[in-house]
Number of protein chains: 2
Amino acid sequence: MADKAQIQEAIEVQGEEVLKLKSEKASKEQIDEEVSKLLQLKAQIGEDDGKHQFVLKTAKGTRDYNPKQMAIREKVFNTILGCFKRHGAETIDTPVFELKETLTGKYGEDSKLIYDLKDQGGELLSLRYDLTVPFARYLAMNKITNIKRYHIAKVYRRDNPAMTRGRYREFYQCDFDIAGQYDAMIPDAECLKIVYEILSELDIGDFRIKVNDRRILDGMFAVCDAVEGSEGERMVSEKGLSEEVADQIGEYVSLQGGMELAERLLQDQKMSQSKQACAGLTDIKLLFSYLQLFQVTDKVVFDLSLARGLDYYTGIIYEGFLTQTGIAAEAQNSSGAEESVSVGSVAGGGRYDGLVGMFDPKGRKVPCVGAEVMYKKNPKLLSQLQYCEDSGIPLVAILGEQELKDGVVKLRAADISRADLIAEIKRKTSEA
Amino acid sequence: MADKAQIQEAIEVQGEEVLKLKSEKASKEQIDEEVSKLLQLKAQIGEDDGKHQFVLKTAKGTRDYNPKQMAIREKVFNTILGCFKRHGAETIDTPVFELKETLTGKYGEDSKLIYDLKDQGGELLSLRYDLTVPFARYLAMNKITNIKRYHIAKVYRRDNPAMTRGRYREFYQCDFDIAGQYDAMIPDAECLKIVYEILSELDIGDFRIKVNDRRILDGMFAVCDAVEGSEGERMVSEKGLSEEVADQIGEYVSLQGGMELAERLLQDQKMSQSKQACAGLTDIKLLFSYLQLFQVTDKVVFDLSLARGLDYYTGIIYEGFLTQTGIAAEAQNSSGAEESVSVGSVAGGGRYDGLVGMFDPKGRKVPCVGAEVMYKKNPKLLSQLQYCEDSGIPLVAILGEQELKDGVVKLRAADISRADLIAEIKRKTSEA
């Protein structure tokens, strides 16, 4: 066998010959003959050839974005950003890698998909798998108990995704999360409203948002005798179940509906035996009452088949799906965001009340304070004013029943005529 | 020695005791006594303690950004973005990690600062060290020979930076690069103009932009007999130099000036012996003639002491410095961007004509075609029109000497009165 370097050189020479013939517009036959010789030489050097040549590619599961693709991304992100800002969120940023132990024990089975950095002497680091765990770490580290934040950034998963379906090992998540103690289901409803708004605005085809609750899933498995009580175990492979149990579960997970389905299941002889399931169903009922007020129930469906993989969810879970297949959409939005798990799924999230506590040495839950939009079922005027006081908002316009009757707008304490409103605001703000 | 878990428990109990005393506002003496016991317990368990507690921190050399810091970042980036777009650049994105071999041999000494990913079965990957090498890989891979692109993204260096000076292991670079064959020094001058514009707009204090040329450095070392001809070696430690040589080099690198300094050095008996140095000096002269036209020479200085660390520079190099110390600025802009190397340095770059060729199996240089702003010393009207034709630009307003005399604006071929210009453009664009 000839020396590799010699063959390499022969390949070079032969390659030049082919190019020369092409530039001289030689006959197809003549070119083909020389190309054939070139291929024979390449075959001689075998597959090792690639190691001598530079491999011009991006890492597996990643891609470049050219200017046109970037323009589309910018448009999509601007839509999402606009929605997040409209809902009063601030943004933070966290490093692309975390201490390995920060990510440990947060993702269950999916942990094997985490990219670790090489130990080069120093800390053990991993690339972030999502933006939620770093967010929880940020909250615990800075002792922040209340924030509405968005974060648009890349996350990393050593998955084997179907790239033709728009899934990659490096991809963006657009997260919107509300941390803090609120009246039940109000921030949850806002998150669903945001998914609804974004998927509508992006104009990527019709969609549905499926909603379920982890406690309903857990309760369902428990009452069907599918789980021996261990709370951590949620997913049970069907082969381990008796036919009767499997049938019962199959019946439940085929159910879809809205508030009325939650009501019905609360009366269900079996399901109602589980305190967990009842708590979840009660929340779903409440959630749908807010979703009705937000006028989004045309696209949101309570679906008992919805499960989400990540360990950290504790309550409501949801996922936005495109109903038409074949549309690649990269938008992702969530409270507790996570990658979609099936084709057409473009948004997802849920409630994760335990995660921040996992970062606190004493497992302390986050206490409650006001927020920019008041998450109160019946906001008392006084607490709204107190909130403005606390937040340094200098002016509050009040237009209640009495004010409407009197034809005035109440500006904080002083009543003024509607006509004077603008001038008064200008005066007040120039004072400030 | 007591069991570790027992000590851990004792630490917990003792910690609670201290907290209790503090909450009861006990005497300082009493609290100090209990704290002392706590410390003794912690000493017993030794340094291993940290492994049982959760370490709440970000990775070394990285940090979070809170909403206020993000607002500042957004403002800075918008200024930079605005400038890049004004200069007609498009944006691309590349993955945060590359095949390790893509980065190999591009950074010289600095290669040891590259973060490698752990071998988890698959490709060997590294986090990008800058945006320039991935850009060159992108150009070679997509056979792009001409592009003006910007890229604002994070890069990673296992450095031991002084974080108090605003330097981190994860930091943003804002790159602006012009690829393609142009008349000498015109894209180089535009890059310097961009640095000038951005540093002025950011309003972060007075600044200077130092300019040098790698060929002048190489030539200087050669004519001073400091290097035995090996082209790769640029930096020579002074201990290896004779006193005479060191003095001569010391004299050269103390020089600062503008076009007149380049002219003077071209006449310099010693320096003029080096073809390389002369080529560099001629380019510096030409560069300053463009910088005069751009009206930026008040801040740009030709400085023979400027050297830049990265291997891939081949010609002009430059760096923007804040003249006041203690100001932390994150702005980075460059053609061939690189991290700053001294305090106050906030921008840098240079010409790297060989880098794309390193990714091409045959080392082909990128050929030349037109661009959005014409990089021609004396742009011929015809080629401008041809460019518009090629680019699908429907309208060209021409206002030359003859047109001024006649009081008209030439709109492509048809002359129209100035007053009709707007209406005509509207008519033409509504046709399109």
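Calculation criteria
Residues numbered from 1 in each chain as written. Chains lettered and ligands numbered in written order. Predicted model: local features only at pLDDT ≥ 70, side-chain atom pairs only at ≥ 80, totals over all residues. Heavy atoms only, no water. Axes fitted to C-alpha atoms, helices over the stretch in contact; angles between N-to-C directions. Helix = DSSP H or I, 4+ residues; strand = E, 2+ residues; numbered from the N terminus. Left-handed = near helix turned anticlockwise from the far one by under 90°. Contact = heavy atoms within 4.5 Å. Nonpolar A, V, L, I, M, F, W, Y, C, P; charged D, E, K, R; others polar. UniProt positions renumbered as here; feature names shortened; annotations may be inferred. Buried < 20%, exposed > 50% of the residue type's maximum accessible area, 1.4 Å probe, protein only. Pairing = 2+ DSSP bridges.

## Description of the packing of helix α8 (residues 214-223) of chain A against helix α11 (residues 275-293) of chain A
Residues and elements named next belong to chain A. Close contact between α8 and α11 brings their axes to 7 Å; oriented N to C, the two are set at 145°. In this structure, α8 crosses over α11, and the sense of that crossing is left-handed. Along the contact surface, α8 presents Arg-215, Ile-216, Asp-218 and Gly-219, while α11 presents Gln-276, Ala-277, Ala-279, Gly-280, Leu-281, Asp-283 and Ile-284. In the contact of α8 with α11, the residues fall into 5 nonpolar, 3 polar and 3 charged.

## So, the UniProt feature "binding site: L-histidine" (unreviewed entry) in chain A
All names here are of chain A. UniProt annotation of "binding site: L-histidine" (unreviewed entry) refers to Asp-130, Leu-131, Thr-132, Arg-157, Gln-173, Asp-177, Arg-308, Tyr-312 and Tyr-313 when read in the numbering used here. Within the element layout of this structure, Thr-132 appears in helix α6 (residues 132-141). The exposure class assigned to Thr-132 is buried, which follows from its relative accessible area of 0%. Summarising the element assignment, Gln-173 is placed in strand β5 (residues 170-179). Its relative accessible area of 0% is what places Gln-173 among the buried residues.

## As for the sheet that holds strand β4 (residues 147-156) of chain B
Residue and element names in this part refer to chain B. On the basis of which strands lie adjacent, the open sheet formed by 3 strands has the order β1-β4-β5 and mixed pairing. The open sheet terminates on both sides in strands that have one partner only, identified here as β1 (90-91) and β5 (170-179). Contacts between helix α6 (residues 132-141) and the sheet are confined to β4 and β5, with β5 contributing the most and set at about 40° to the helix. Strands β4 and β5 of the sheet are contacted by helix α7 (residues 186-202), whose axis makes an angle of about 145° with β5.

## Examining the pairing of strand β9 (residues 316-322) of chain A
Residues and elements named next belong to chain A. Of all 7 residues that make up β9, 7 are buried, and the element is covered over most of its length. With burial as the criterion, each face of β9 is covered, one bearing Ile-316, Tyr-318, Gly-320 and Leu-322 and the other bearing Ile-317, Glu-319 and Phe-321. Relative to β9, strand β6 (residues 207-213) runs antiparallel, the two being bridged by 7 bridges. Residue pairing for β9: Val-211 is matched across the bridge by Tyr-318.

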